[in-house]
Amino acid sequence: MQIITTAREMQQACRRVKANRRLGFVPTMGALHEGHLSLVRRALAECDVVAASIFVNPTQFAPGEDYEIYPRCFEDDCTKLEATGTALLFAPSAAEMYPEGATTFVEVTGLGDRLDGASRPGHFRGVATVVAKLLNIVGSDSAYFGQKDAAQVAVLRAMIRDLNIPVELVACPIVRERDGLAMSSRNRNLSESDRGRALILHRALDAASRLVGDGEMNAEVLRSAMIEVFASDANVRVDYAAIVDPATLLPVDDTSRGALIAVAAWVGSTRLIDNVLIENLRADNLVREPFFMEEVHA
Ligand code: AMP
């Protein structure tokens, strides 16, 4: 695996690949787990060559958020990426991505202020800007993102459409721990007791999914069920429990035409997110089995 730290060299290396091969790209912030590696595997299945990036992007963290304590383990990440078949790794410094005088930002208005964008002002401006830059640098045929960050997928789809960026966005399923907790780099920052508590996000989504499976479509009923689950642990603070249109992120009244059920909560000092996508399925197959690691390896 070739590790590249400058935008110019990365652009040149990717251009050489693209001359005669399909290039897939997996952007990450590192502290890699099976969720990230599932994106690499999907990219490998669909492309000839896979590039990844590791960059903890300062512009998507608001002051006072966890930028400083965000887990970083570069050597370990390189081993995992290489073992999974990544050919090119872009690992720039913050100064390389944001040199002095950089004044251009990408803002996805409306969408960027919903869900996580509402509770983390400026977050999606940082995400859209860095992803636009990375897509320009790598120029891949397709780019792989996790459905775990469902709002991010909606924001980036809109950005790619609106800016005519010639890349196919592929959204991949959420990979979970055995007990159902969605894998996240931030799980590393949970204390042992908070790790147990964190399951409440999955339990809340499960409560809503079960109701949907029983034929319940009223968003307010589903929301109440989730809030009730969250109320069972005073040490967890809900940020949002929302039933929205997966493309616009606007609330829907019922799930009859599909919906994204999304939650965010503070468990101790760590903010976690999770979601389940209700597509236009029939009630009898609505409750989906969680997507476990074994399925990724299969
Ligand atoms: P991050 O390093 O957190 O910025 O994530 C990099 C990419 O991995 C994003 O597209 C995430 O949505 C995706 N990702 C993170 N966790 C998971 C997971 N548990 N399952 C699938 N994809 C994930």
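Summarised in this report is the structure supplied together with it. (Residues numbered from 1 in each chain as written. Predicted model: local features only at pLDDT ≥ 70, side-chain atom pairs only at ≥ 80, totals over all residues. Heavy atoms only, no water.)

Considerations on the nonpolar core
Next up, step 1: Core analysis: the largest hydrophobic core is formed by 52 residues, its most contacted members being M10, L115, L135 and M159.
Next up, step 2: When residues of this core are assigned to their parent elements, the largest contribution, ten residues, is made by helix α6 (residues 123-138).
Next up, step 3: Taken together, domain 1 (2-172) and domain 2 (185-296) each give at least three residues to this core, which thus spans both.
Next up, step 4: Formed by 26 residues, the second largest nonpolar core is a distinct cluster that contains L181, L222, L272 and I278. (Core = buried A, V, L, I, M, F, W, Y, C linked by side-chain atoms within 4.5 Å. Buried < 20%, exposed > 50% of the residue type's maximum accessible area, 1.4 Å probe, protein only. Helix = DSSP H or I, 4+ residues; strand = E, 2+ residues; numbered from the N terminus. Domains from an automatic or database assignment.)

Observations regarding unusual backbone geometry
Only a minority of non-glycine residues have a phi that is not negative, and only a minority of peptide bonds are not trans.
Next up, step 1: A positive phi angle, near 45°, is found at L115, a position not held by glycine.
Next up, step 2: Here L115 shows up in the loop between α4 (94-97) and α5 (116-119).
Next up, step 3: Phi at L249 takes a positive value of approximately 65°, unusual for a residue other than glycine.
Next up, step 4: Position of L249 among the secondary structure elements: in the loop between β7 (236-244) and β8 (259-267).
Next up, step 5: Accessibility expressed as a relative area gives 2% for L249, which makes it buried.

Description of the pairing of strand β2 (residues 23-28)
Next up, step 1: Counting buried positions over the six residues of β2 gives six, a clear majority of the element.
Next up, step 2: Residues L23, F25 and P27 point to one face of β2 and G24, V26 and T28 to the other, with burial holding for every one of them.
Next up, step 3: Bridge count between β2 and strand β3 (residues 49-54): six bridges; the pairing is parallel. The residue bridging G24 from the neighbouring strand is V50, located in β3.
Next up, step 4: Read from β2 through helix α2 (residues 34-46) to β3, the crossover connection turns out right-handed. (Pairing = 2+ DSSP bridges. Right-handed = clockwise from strand over helix to strand, strands pointing away.)

Details of helix α3 (residues 74-84)
Next up, step 1: Those residues of α3 that fall on the buried side of the exposure criterion are D77, C78, L81 and T84. Taken down its axis, α3 places every buried residue within 135° of arc, on the same side. In α3, the exposed positions angled more than 90 degrees off the buried face are occupied by E75, T79 and A83.
Next up, step 2: Looking at the buried residues of α3, the elements they touch are β1 (2-4), α2, β3 and β4 (88-90).
Next up, step 3: Just downstream of α3, G85 is the residue with a positive phi angle, here 110°. (Arc of directions from axis to C-beta. Contact = heavy atoms within 4.5 Å.)

None of the figures reported here should be taken as evidence of function without further support.
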